Amino acid sequence: MSDWNTQVIEEFRANGGRVGGPFEGAPMVLVHHRGRKSGQEMVSPMMYLPHETDDDVIYVIASKGGAPENPGWYHNLTAAGRGEVERGTETYPVTVRDLTGEERDRRFNEQASRYPGFAGYAEKTAGIRTIPVLELTRA
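Residues numbered from 1 in each chain as written. Predicted model: local features only at pLDDT ≥ 70, side-chain atom pairs only at ≥ 80, totals over all residues. Heavy atoms only, no water.

Visitor: For the sheet that holds strand β4 (residues 57–61), give the residues involved together with the corresponding values.
Guide: Whether parallel or antiparallel, the strands of a sheet pair through hydrogen bonds between backbone atoms. What the 7 strands build is an open sheet, ordered β2-β1-β5-β6-β7-β4-β3; its pairing is antiparallel. Two strands lie at the open edges of the sheet, namely β2 (41–47) and β3 (49–50), each paired on one side alone. The pairing of strand β1 (residues 28–34) with β2 spans 7 bridges and is classified as antiparallel. Across the sheet, H32 pairs through a bridge with V43, a residue of β2. Its contacts with the sheet place helix α2 (residues 72–80) against β1, β2, β4, β5 (82–87), β6 (90–98) and β7 (133–138), and it is angled at close to 65 degrees to β1. (Pairing = 2+ DSSP bridges. Helix = DSSP H or I, 4+ residues; strand = E, 2+ residues; numbered from the N terminus. Contact = heavy atoms within 4.5 Å. Axes fitted to C-alpha atoms, helices over the stretch in contact; angles between N-to-C directions.)

This is the structure we're talking about:
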């Protein structure tokens, strides 16, 4: 795990799920997943988009900052079909669903309208990959 991720994780846990810096005020979760090749347990901090009516559903965007490939956590979660989320001070298991088509576009566009950095990531990946959106539902 990178030192940057470690710092974000420590700040998240020390502050009941809130972090500062570039994530100040943004909804954040820590997603636990197991490496599909290594079998190693990992934790990845990420922003999320809450479902508009169901508190048991959130969406995470596999942007990897606009890199040309999907992040490793995306592959781990989709391969396993499940993971675990730390949200605020609560930790719970989730099932994973990879959104497609209009459903994926609607969720991605909603996040990009709230946080324009995501629109920039989509510009960087245009013609290379479509940035995935995962639905994480409390199991």
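Picking up where we left off.
Visitor: Outline the pairing of β2, supporting the account with residue identities and numerical values.
Guide: Counting buried residues in β2 gives 5 out of 7 residues, a clear majority hidden from the surface. The antiparallel pairing of β1 with β2 creates a hairpin that spans 6 residues between the two strands, and G39 there sits at a positive phi of about 75 degrees. (Buried < 20%, exposed > 50% of the residue type's maximum accessible area, 1.4 Å probe, protein only.)

Visitor: So what's going on with α2? Residues and values would help.
Guide: Along α2, the positions that sit buried rather than exposed are W73, Y74, N76 and L77. Along the axis of α2, the buried residues cluster in a sector spanning 165 degrees; they form a single face. Of the surrounding secondary structure, the elements contacted by the buried residues of α2 are β1, β2, β4, β5, β6 and β7. One or two positions beyond α2, positive phi appears at G81, with a value near 75 degrees. (Arc of directions from axis to C-beta.)

Visitor: Before we move on, can you summarise the nonpolar core with the specific residues and values?
Guide: One finds M28 and F108 to be the most contacted residues of the largest nonpolar core, which totals 20 residues. Every residue in contact with M28, bar those within four places of it in the chain, is listed here: V8, F12, G17, V19, F23, P45, M46, M47 and Y48. Core analysis: the second largest hydrophobic core is formed by 16 residues, V60, A62, V85 and V96 among them. (Core = buried A, V, L, I, M, F, W, Y, C linked by side-chain atoms within 4.5 Å.)

Visitor: Outline the layout of surface pockets, supporting the account with residue identities and numerical values.
Guide: Left-over empty space is what a probe sized like a water molecule reveals as it rolls over the atoms. Each pocket or cavity is described by its volume, and for the largest pocket that value is around 420 Å³. Around the largest pocket, the lining is made up of 18 residues, and of these F23, P45, M46, S63 and G65 lie nearest the centre. Of all the secondary-structure elements, those providing two or more residues to the lining of the largest pocket are α1 (3–14), β2, α2 and α4 (117–125). For the lining of the largest pocket, the leading source of residues is β2, giving 4 residues. Taken together, the residues of the lining of the largest pocket break down into 11 nonpolar, 6 polar and 1 charged. (1 Å grid on protein atoms, 1.4 Å probe; cavity = no way out; pocket = protein on both sides within 12 Å on 5 of 7 lines; lining within 4 Å. Points joined across faces, edges and corners; volume = space filled by probe spheres on them. Nonpolar A, V, L, I, M, F, W, Y, C, P; charged D, E, K, R; others polar.)

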